[in-house]
Amino acid sequence: RKKGPVFLYFIKEHCGANPEAVPLFNAIARAHAGKANLYMVINTDKASYAAWKKSFRTTTPALFDPQQKIIGAYGIDASQCAVMINPDGTVAKFFPGFGLDSLKSLNASLAGASKRPVPEVDLSKAPKDPRFG
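Residues numbered from 1 in each chain as written. Predicted model: local features only at pLDDT ≥ 70, side-chain atom pairs only at ≥ 80, totals over all residues. Heavy atoms only, no water.

Draft legend 1. Fine view of the nonpolar core. Core analysis: the biggest nonpolar cluster contains 29 residues, and Trp52 and Leu106 have the highest contact counts within it. Sorting the residues of this core by element identifies strand S1 (6–11), helix H1 (18–31), strand S2 (37–42), helix H2 (46–56), strand S4 (81–85) and helix H4 (100–113) as the ones contributing at least two each. Ranked by residues supplied to this core, first place goes to H1 with 7 residues. Not counting chain neighbours up to four residues away, the residues in contact with leucine 106 comprise Phe7, Phe25, Ile28, Ala82 and Phe95. Counting 9 residues, the second-largest nonpolar core is a separate cluster that includes Leu8, Val41, Ile71 and Ile76. (Core = buried A, V, L, I, M, F, W, Y, C linked by side-chain atoms within 4.5 Å. Buried < 20%, exposed > 50% of the residue type's maximum accessible area, 1.4 Å probe, protein only. Helix = DSSP H or I, 4+ residues; strand = E, 2+ residues; numbered from the N terminus. Contact = heavy atoms within 4.5 Å.)

Laid out in structure tokens, this is it:
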């Protein structure tokens, strides 16, 4: 948090929405790689994550939470949710689901946190309404 806000993307290892949601998140993550503090929180251990990571071609750093302590601490009860955490540790914003508005807001917030213009990200396959896994 010393470098600015931290963004956590919460995802379930075996979520049925992953094939649709993860590519959208990956596109946003690539646009902000090395410029924003973005981490994935996944309910698995490092060994299980390796196959998941390969399957979904993600490069976002991951925090492993098989006991769901981080997930529980933020009150996350559905997969595909992101949170922005201020440098003082308070939650600044929730980005629920993987609908178009939530993903656009996440993209803009990541850009704002890194003091950059909002990058163009292809979200054409995002559902109009919020969805969860």
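Draft legend 2. Broad picture of the sheet that holds S1. Across the sheet, 5 strands lie side by side as S3-S2-S1-S4-S5; this open sheet has mixed pairing. Strand pairing shows two members of the sheet lacking a second neighbour, strand S3 (62–64) and strand S5 (91–96), which therefore form its edges. Between one strand axis and the next, the sheet turns by 25° as a mean value, whatever way the strands run. Relative to S5, S4 is paired through 5 bridges, and the arrangement is antiparallel. Across the sheet, residue valine 83 finds its bridge partner in S5, namely phenylalanine 94. Its contacts with the sheet place H2 against S1, S2 and S3, and it is angled at close to 110° to S2. Where H4 meets the sheet, it contacts S1, S2, S4 and S5, and its direction lies at approximately 150° from that of S5. (Pairing = 2+ DSSP bridges. Axes fitted to C-alpha atoms, helices over the stretch in contact; angles between N-to-C directions.)

Draft legend 3. Spatial organisation of H4. Taking 1.5 Å as the rise per residue, H4 with 14 residues should run 20 Å; its terminal C-alpha atoms sit 20 Å apart, in good agreement. Taken as a whole, H4 has its buried residues at Ser102, Leu103, Ser105, Leu106, Asn107, Ser109, Leu110 and Ala111. The secondary structure elements touched by the buried residues of H4 are S1, H1, S2, S4 and S5. One or two steps after H4, the chain reaches lysine 115, where phi turns positive at roughly 55°. (Expected span 1.5 Å × (residues − 1).)

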